[in-house]
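Structural features, examined
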Amino acid sequence: MKMLRLNFENKLLPYDVLQKALNIAKKLNVTLPEAKNYLFKAENFTALSVLLKYYKEKIDLVYIDPPFNTMQDFFISEGRANSVSSVKNKKAYSDKMPLEKFLLFMWERLIIIHELLSKQGSLYIHIDCKTGHYIKIILDEIFGAENFKNDITRIKSNPKNFFRKAWGNEKDMILFYVKNSEQNIWNDVKMPLNDKEIAERFSKVDAYGRRYTTIPLHAPGETKNGITGLAWQNISVPEGRHWRTNPSEFDKLDAEGKIECSSNGNPRIKKYADEHEGKKIQDVWIFKDPQNPVYPTEKNHDMLKLIISQSSLKNSIVLDCFAGSGASLLAANELERYWIGIDRSDEAINIIRQRMIGQYTLINF
C-alpha cells in the first residue's frame with residue numbers, strides 16, 4: 001500500500017528541511033554553554049536548528065502543544081489567560097495562519113523533532129479535531145505509520161457550547177508516535193483502582209479489615225501425565241482442568257493464609273486489594289485543564305506528569321518547543337528529567353521564569 005501524503009504550498013523534502021536548518025545553525029554559529037536544562041527565547045524552528053548540532057538522537061521525549069490554528073489571538077489580562085482581544089491585555093501569542101501555512105509550519109518542525117528523538121524516543125502532540133487528521137497524515141509520512149501508537153481522547157473541560165448548532169465539545173486529542181515501535185521507553189505506569197472499583201472487585205473482607213477476592217487454583221485444560229494434574233492435599237483437580245502451577249507451591253500459599261476453600265470445597269487463591277498493581281491506562285483520559293490558567297491553553301499538570309512518567313526515564317531529556325506556561329518543564333523537573341523549553345513569546349518566558357523551575361540556562365536569540 002502506498003503512503004498517503006499531503007501536498008501543500010512550499011512543502012520541502014525532509015532532506016531539504018534539514019539542510020535549511022543546518023544552514024541557519026551555521027549562520028548563527030551559536031555555542032551552547034554546558035548546562036543540564038535550557039530555556040530558549042527564540043523562534044522555535046531556529047532554536048531546533050541549533051539543537052540539531054548538539055542533540056541529534058539524544059532526546060527521549062518530546063511533548064508539544066502547538067497552536068491549533070484557531071484563528072484567534074490569545075491574551076493575558078490581570079493574571080488570567082483568555083482569547084479576547086483588548087488593547088489593555090498583553091498578547092501571549094497569535095494563532096492565525098491559513099491552513100496550508102499552518103501545515104508547512106508543523107511539517108518543518110516535526111521533521112527536526114524526528115531527528116532529535118533518540119532511538120527509544122517518543123512524541124506526544126496535543127492537537128484538536130479541526131487539524132488533527134491533517135497532522136496525523138504528516139506524522140505517518142515522517143515517522144512511518146508503523147510507529148503510530150495511540151490517538152488519545154482527552155476530556156479537557158466541563159460540558160459547554162450549549163447554544164452552538166452542533167454537539168458540544170469537551171475533548172481534544174493527543175497523537176502518540178515513537179521513533180521505533182519496538183524500542184520506545186514504556187514504563188507501564190498503572191492507574192490505581194478507585195474506591196468503587198475496589199469495592200466491586202474485592203468484595204470480601206478478612207479479620208484485619210483487608211479487602212480481597214479469590215480466584216481458582218485451576219485453569220481450563222487437562223494435564224494427562226504432568227505434575228499439574230496430580231492431587232493436592234487429597235483434592236483432585238476438577239475434570240477438564242489443571243492446576244495453575246506445581247501443587248507444591250500451594251503449600252507455601254496455604255501456610256501464608258492465602259488459600260480459601262469455596263462453599264463446594266474448591267481451593268481458591270486470595271488476592272488482596274492493597275497488593276493490586278493497578279489497571280492498564282486506556283486511551284480516553286479525563287484531565288481537565290486549570291480553570292484559571294496563568295497562560296492561554298495551559299494544560300493539566302497531572303496529565304503532563306503521566307506522559308513524562310510513562311515515556312521517559314530519570315535523567316532523560318524532555319523537549320517542549322511550544323513551551324507556553326512551562327507546565328511540561330515543571331513536570332519534567334519534578335520527575336528528575338532534564339528539560340529543554342523553547343518559546344518566542346515574552347509573556348511565556350516571563351511566566352516560565354516566575355515558576356522557578358530549578359537551575360537552567362536562558363538562551364536568547
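Residues numbered from 1 in each chain as written. Predicted model: local features only at pLDDT ≥ 70, side-chain atom pairs only at ≥ 80, totals over all residues. Heavy atoms only, no water.

**Describing the pairing of strand β1 (residues 38–41)**
- When β1 meets strand β18 (residues 361–364), the two strands line up parallel, connected through 4 bridges. The residue of β18 that forms the bridge with tyrosine 38 is threonine 361.
- Pairing of β1 with strand β17 (residues 338–343) involves 4 bridges; the strand directions are parallel. Looking at the pairing, lysine 41 lines up with aspartate 343 of β17. (Pairing = 2+ DSSP bridges. Helix = DSSP H or I, 4+ residues; strand = E, 2+ residues; numbered from the N terminus.)

**With respect to the confidence of the model for the chain**
- Per-chain confidence: the chain averages 91 in pLDDT, with 92% of residues scoring 70 or above.
- Taken as a whole, residues 83–88 scores under 50 in pLDDT and shows 9 contacts with residues more than four places along the chain or in a different chain. (pLDDT = per-residue confidence, 0-100. Contact = heavy atoms within 4.5 Å.)

**Some points on the side chain of glutamate 298**
- Here glutamate 298 shows up in the loop between β15 (284–286) and α7 (301–311).
- The exposure class of glutamate 298 is buried, given its relative accessible area of 13%.
- At a separation of 3.0 Å, a polar atom in the side chain of glutamate 298 contacts the side chain of arginine 355.
- Not counting chain neighbours up to four residues away, the residues in contact with glutamate 298 comprise Asp289, Pro290, Pro293, Ser325 and Arg355. (Buried < 20%, exposed > 50% of the residue type's maximum accessible area, 1.4 Å probe, protein only. Polar contact = N/O pair within 3.5 Å; in protein donor to acceptor, adjacent residues only side chain to side chain.)

**Re the environment of asparagine 266**
- Tracing the backbone through its elements, the reader meets asparagine 266 in the loop between β13 (259–261) and β14 (267–272).
- The class for asparagine 266 is partly exposed, based on a relative accessible area of 26%.
- Residues asparagine 266 and glycine 341 lie 75 residues apart in sequence; the distance between their C-alpha atoms is 59 Å.
- Apart from residues no more than four positions distant in its own chain, asparagine 266 is found in contact with His218, Pro238, Glu260 and Cys261.
- Among the polar contacts made by the side chain of asparagine 266, one reaches the side chain of asparagine 264 at a distance of 3.4 Å.

**Examining the pattern of salt bridges**
- This structure, assessed with the given rule, holds 24 salt bridges.
- Lysine 136 is the salt-bridge partner of aspartate 140, the closest N and O atoms lying 3.1 Å from each other. Separated by 4 residues within a single helix, aspartate 140 and lysine 136 lie in helix α4 (residues 132–143), roughly one turn from each other.
- Since its relative accessible area comes to 13%, aspartate 140 is described here as buried.
- Under the relative-accessibility criterion, lysine 136 is labelled partly exposed at 25%.
- Each of Arg210, Glu256, Lys258, Asp274 and Glu275 takes part in salt bridges that share partners, so that together they form one network. (Salt bridge = Lys/Arg side-chain N within 4 Å of Asp/Glu carboxyl O.)

**Comments concerning the nonpolar core**
- If you look at the biggest cluster of nonpolar residues, it comprises 52 residues, and the most contacted ones within it are Leu51, Ile64, Leu110 and Leu319.
- The element best represented in this core is helix α3 (residues 99–116), accounting for 11 residues.
- Residues in contact with isoleucine 64, not counting those within four places in the same chain, are Met106, Leu110, Ile113, Leu123, Tyr124, Ile125, His126, Asp320, Cys321 and Phe322.
- Core analysis: the next-biggest nonpolar cluster, separate from the first, contains 28 residues, Met303, Leu330, Leu335 and Ile352 among them. (Core = buried A, V, L, I, M, F, W, Y, C linked by side-chain atoms within 4.5 Å.)

**Quick notes on the sheet that holds strand β9 (residues 204–205)**
- An order of β9-β10-β14-β13 is seen for the 4 strands of this open sheet, with the pairing classed as antiparallel. Since the sheet does not close on itself, it has two edges, and those belong to β9 and β13, each with one partner.

**Details of the side chain of aspartate 206**
- Looking at the secondary structure, you find aspartate 206 in the loop between β9 and β10 (211–216).
- In this structure aspartate 206 is buried but unpaired, with arginine 210 as the nearest side chain of opposite charge at 4.8 Å.
- Polar contacts involving the side chain of aspartate 206 include one to the main-chain amide nitrogen of tyrosine 208, which spans 2.8 Å.
- Beyond its immediate sequence surroundings of up to four residues, aspartate 206 is in contact with Tyr212 and Tyr272. (Lys, Arg positive; Asp, Glu negative; His and termini not counted.)

**Digging into the sheet that holds strand β2 (residues 59–64)**
- An order of β15-β7-β8-β6-β2-β16-β17-β1-β18 is seen for the 9 strands of this open sheet, with the pairing classed as mixed. In this open sheet, the two strands that pair with only one neighbour each are β15 and β18. This sheet shows a mean twist of 20° between the axes of neighbouring strands, independent of strand direction.
- Across the face of the sheet, helix α2 (residues 44–55) comes into contact with β1, β2, β16 (317–320) and β17 while running at roughly 150° to β17.
- Packing against the sheet, helix α8 (residues 327–334) makes contact with β1, β2, β16 and β17, and its axis sits at approximately 170° to β17. (Axes fitted to C-alpha atoms, helices over the stretch in contact; angles between N-to-C directions.)

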